[in-house]
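Listed here are the chains, written in short residue letters.
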Amino acid sequence: MLEVEKPDLKFGFIKLTDCAALVVAKELGYFEEEGLFVELEPQANWKTLLDRVISGELDGAHMLAGQPVAATYGFGTQADIVVPYSLDYNGNGITVSNAVWAEMKPKVPKGPDDLPKHPITAESLKPIAQAAKAAGKPLKFGMVFPVSTHNYELRYWLAAADISPGFYFDPKTGEKNIPGVLDAEVELSVTPPPQMPATLEAGTIQGYCVGEPWNQQAVFRRIGVPVVTNYDIWQNNPEKVFGVTKKWAEANAETLTAITKALIRAGAWLDASTENRKKACEMLSRSNYVGADEAVIANSMTGTFEYEVGDKREMPDFNVFHRYHASYPWYSDAIWFLTQMRRWGQIPDNHPDDWYIKMAKEIYRPDIYRAAAAELIKEGKFTAEDFPPADTDGFRPPTSAFIDGKLYDGKKPNEYIKSFEIGLK
Amino acid sequence: MSAATAENRFAPSEPKKAKGPRWNPGAITHTLDRLGLGFFSPFVRLAAADEPQKQATEITRNIVLPLIAFGVFLGAWGIASQRIRTEAQKIPSPAETWAAWKGIVDFAKHEGRKAVEFKTRMHGLAWKQEGLAEKYAEQLRDAEETRNTEAVAALTEKVNAARNRAKSLRERNYSGPPTFFTQIKISLFTIAVGFLAATLLAIPTGILCGLSKGFNIALNPLIQIFKPVSPLAWLPIVFVVVTALYSPPARESLITRAMLISAGTVTLCSLWPTLINTAVGVAAIDQDHMNVARVLKLSWLQRIWKIVLPSALPFMFTGMRLSLGVGWMVLIAADMLAQNPGLGKFVWDTFQNGSTNSMAQIVCAVFAVGIIGFVLDRIMLILQRLVSFDEHAI
């Protein structure tokens, strides 16, 4: 057992199924086995969560993968945050209101079984968005935070069909736009995840991009239809991470390794069997964690995803916690967020490739992950094969598994940024 | 002096009646009245056979009418719960609310059991460490006998380490989620802090405003501007102030930042009624009293203590009662925003859960907030009556 500096810990989370690793590590006693006594506290929204990590009220938190990147860069609140562990891949969806879906559906190509053919692109949304814009009432979509994966995914999906989601910066005039709606054909705005269904039902927004269970909630409540998951936008995209401040990480190095050990075990447990997933659904449905009905949580957590009511499809990789080395903090994942921040003007200036790589290495800390993994291998709980090979350079191989088929190589961020039709270059 | 007036009030009814009461219920009913529980007095009088007919009517009026109203309310609620629904959510029925309440209680009991289990587990681990310490201590004695200094040093360290581990294990507290009842406790603590701060700020300022016209004129615009400000507007400002000025000594400390933010918001929203009432009360003091003070050559502090405070006390307490009411209402909103783990956070988190029984749990919280608010108001009413000449304050 490691000599932890701080056994009593308080972590923040947002009510989303992708905080599962934290809940499992607590409920199965993995934290306790490391000598850690952890309290998990739900937070009102992502900003409060980050503020309380920075102020020290929380020791660490379930964070949007983009949050540590943006915080370290200084978009929004500036603070040095480090990431020793990636909580999951995928797990989001884009849902549109029933009214929008009714207009979209006839334009969506059908498969042989007469059901809509997936992935559904935003091509079918384009005429609706243009008509709404022409009528002076542009479509409004919700996403959860300006630097969330959801914001970038929604933008990616819209832009792939040539719909402008708006910019944060105009390079011609040097004008900064805080809400990010310069030249927007569809206006995006922030709504905290648990309020998405209610905001959609109230008619304030016509669609949203959010994590689970809030897409399945829309299906259950019959208020909207999920049209695409982020797995179809980018296969195995990084989603949430566990983050702490750099200062905290330095002062509590052993504790952070112990936390990472417990989280690795929890992630592996979650991906070990469907049985485990079902048990996790029960844990998450408790009111002090996610609190939604177990059936709603299970709909996406156990390898399926329901689009229209009754149109339930196999989605084995909708939530990935450990497989494909999903819990390893890859530099290339941090860099992808920087490329999207640059694309939409949250980063107003051009930077060389080296700058992107240097930033990623400051934030993502595979060395801590490695130390935790080494301990676990020593204890006989894991083998070296369970982790990425020792000689990896920390970058995932280049991939073009995106909805627009663009090639992303984490070592060449500028090349990727330049390949987009819509976006700053 | 007020006690005497009360005695007189009941005195005439006793000797005149042909069939008098078996014993004088005056003392008890008077206390009940004082405690704001006047609706129980007819029972006491009935027990004392004091005008049974009249007491029966009183009881019908005081108990049966409210019961009928409550029944009508339950009926209307039941009907509304069947009719008012969105696609997936609806107003919970009284039965569902009762089930949700039992769920809340069960959860608290379950957490209580888990806390006990945790303690037992930690004690078990501590036992092991103590056994280990014992073993090392034995080896240490052997080493001391053989005068093996190196081994002595190493073993002493081991003994101490094991003992320390055992001690910290024994002292460890269960870190479970807060239950509804701990949340109520936190809310009560927060309102106590916020209200105390409001009172300490408002009364001295109010006295100064009441005593000095100039002071009053100077402060009046500020008071009028800040009085109607919503807690939602104060909170971000309080947040910055608290975060800048206060860092809790330890995570476990009772006074957390979130609690202070919440309490600070309560203070800023609730100090106005006390302040204004105090000022009015002080300004309304009989000039004769002040003249007497002058004749007696009382010092400024003595004047405040002997003349101003006693005369203005009833006004102050009326203000404080209003303040507490405002504070309790504000607290729920402040808890939500400051993420202080009180009742407001319970409502917020439950709303976010969006499960089938979330709405019913929120209704439980609504009742809890209402009942606690009512009890707090009664307490203030008692205090108000104790200092006031007005027996019939409601």
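Residues numbered from 1 in each chain as written. Chains lettered and ligands numbered in written order. Predicted model: local features only at pLDDT ≥ 70, side-chain atom pairs only at ≥ 80, totals over all residues.

Q: Before we move on, could you go through the overall build of chain B and cite the residues and values that matter?
A: The secondary structure content of chain B amounts to 15 helices and zero strands. Here the C-alpha coordinates of chain B stretch approximately 95 × 65 × 55 Å along the principal axes. In chain B, buried positions account for 32% of the 394 residues. Long-range pairs, those at least 24 residues apart, make up 70% of the contacts in chain B between residues at least 6 apart in sequence. (Helix = DSSP H or I, 4+ residues; strand = E, 2+ residues; numbered from the N terminus. Buried ≥ 20, exposed ≤ 12 C-beta atoms within 10 Å, placed from the backbone. Contact = placed C-beta atoms within 7 Å.)

Q: Any details on the overall build of chain A? Residues and values, ideally.
A: Each helix and strand counted, chain A has 18 helices and 15 strands in total. Since a compact globule built from 425 residues should have a radius of gyration of about 22 Å, the 21 Å found for chain A is in line with a globular shape. The burial tally for chain A puts 57% of its 425 residues in the buried class. Intrachain contacts of chain A at a sequence separation of at least 6 include 74% that bridge at least 24 residues. (Rg over C-alpha atoms; globule rule 2.2 N^0.38 Å.)

Q: Run through the nonpolar core, naming residues and quoting values.
A: Core analysis: the biggest nonpolar cluster contains 141 residues, and Ala21 and Trp157 of chain A have the highest contact counts within it. Ranked by residues supplied to this core, first place goes to helix H12 (residues 253-272) of chain A with 10 residues. There are two domains that each give this core at least three residues, and those are domain 1 (8-90 + 239-416) and domain 2 (92-236) of chain A. Counting 59 residues, the second-largest nonpolar core is a separate cluster that includes Phe180, Ile207, Val330 and Met380 of chain B. (Core = buried A, V, L, I, M, F, W, Y, C linked by C-beta atoms within 7 Å. Domains from an automatic or database assignment.)

Q: So what's going on with the confidence of the model for chain B? Residues and values would help.
A: All names here are of chain B. Mean pLDDT for chain B: 84, with 90% of residues reaching 70 or above. Of all secondary-structure elements in chain B, the lowest mean pLDDT belongs to helix H1 (residues 2-10), at 44, while helix H8 (residues 180-211) reaches the highest, 93. Confidence drops under pLDDT 50 across residues 1-18; counting only partners more than four residues distant or on other chains, this segment forms seven contacts. As a predicted assembly, this complex carries a pTM of 0.81 together with an ipTM value of 0.71. (pLDDT = per-residue confidence, 0-100.)

Q: Explain the sheet that holds strand E12 (residues 238-245) of chain A to me, and be specific about the residues and the numbers.
A: Residue and element names in this part refer to chain A. With mixed pairing, six strands are arranged side by side in an open sheet as E2-E1-E3-E12-E4-E15. The strands lining the two open edges of the sheet, one partner per strand, are strand E2 (37-42) and strand E15 (319-320). Inspection of the sheet shows strand E4 (residues 81-90) paired to E15 by two bridges, in the antiparallel sense. Paired with Tyr89 across the bridge in E15 is Val320. (Pairing = 2+ DSSP bridges.)

Q: How would you sum up the sheet that holds strand E9 (residues 186-190) of chain A? Please name residues and give values.
A: Residue and element names in this part refer to chain A. Strand order in the open sheet formed by five strands is E9-E6-E10-E5-E11, and the pairing between neighbours is mixed. On the outer flanks of this sheet lie E9 and strand E11 (224-229), each paired with one strand and no other. In this sheet, neighbouring strand axes are inclined to one another by 25° on average, regardless of whether the strands run parallel or antiparallel. As paired strands, strand E6 (residues 139-143) and E9 are joined by five bridges and run parallel to one another. Note on E9: the bridge partner recorded for Gly142 is Ser189. Along the sheet, helix H7 (residues 149-160) makes contact with strand E5 (92-97), E6, E9, strand E10 (207-211) and E11, crossing E5 at roughly 65°. (Axes fitted to C-alpha atoms, helices over the stretch in contact; angles between N-to-C directions.)

Q: Any details on the domain arrangement of chain A? Residues and values, ideally.
A: Residues and elements named next belong to chain A. You can read the domains of chain A as domain 1 (8-90 + 239-416) and domain 2 (92-236). Placing a centre on the C-alpha atoms of domain 1 and another on those of domain 2 gives a separation of 24 Å. If you look at the interface, domain 1 gives 44 residues, while domain 2 gives 40 residues. The set of elements that each furnish at least two residues to the side of domain 1 that touches domain 2 consists of helix H4 (66-73), E4, helix H14 (294-301) and strand E13 (304-306). Looking at the side of domain 1 that touches domain 2 element by element, the count peaks at four residues for H14. Grouping the amino acids of the side of domain 1 that touches domain 2 by side-chain chemistry returns 25 nonpolar, 11 polar and eight charged. (Nonpolar A, V, L, I, M, F, W, Y, C, P; charged D, E, K, R; others polar.)

Q: Explain the packing of H12 of chain A against helix H17 (residues 366-378) of chain A to me, and be specific about the residues and the numbers.
A: Residue and element names in this part refer to chain A. Two elements in contact, H12 and H17, have axes whose closest approach is 8 Å; the angle formed by their N-to-C orientations is 65°. Taken together, the axes of H12 and H17 lie roughly perpendicular to each other. H12 and H17 meet at a crossing whose hand is right-handed. Note on element contacts: H17 touches H12 through Ile368, Tyr369, Ala371, Ala372, Ala373, Glu375 and Leu376, opposite Leu256, Thr257, Thr260, Lys261 and Ile264. Residue composition of the contact of H12 with H17, grouped by class: eight nonpolar, two polar and two charged. (Parallel < 35°, antiparallel > 145°, perpendicular 65-115°, else oblique. Left-handed = near helix turned anticlockwise from the far one by under 90°.)

Q: I'd like a rundown of the pairing of E10 of chain A, residues and numbers included.
A: All names here are of chain A. Of all five residues in E10, five are buried, a share of seventy percent or more. Neither face of E10 is left uncovered, since the one carrying Gly207, Cys209 and Gly211 and the one carrying Tyr208 and Val210 both have all their residues buried. Note: E5 against E10, five bridges, orientation antiparallel. Its bridge partner being in E10, Ile94 is matched across the sheet by Cys209. Pairing analysis gives two bridges linking E6 to E10, with the strands arranged parallel.

Q: Give a detailed account of the interface of chain A and chain B, specifying residues and quantitative values.
A: Opposite the 25 residues of chain A that make contact, chain B presents 19 residues. Going through the elements one at a time, strand E1 (8-13), E2, helix H3 (46-55), helix H8 (196-202) and helix H9 (214-220) of chain A are the ones with two or more residues in the side of chain A that touches chain B. Considering every element that reaches the side of chain A that touches chain B, the biggest residue donor is E2 of chain A, with four residues. The class makeup of the residues in the side of chain A that touches chain B is nine nonpolar, seven polar and nine charged.

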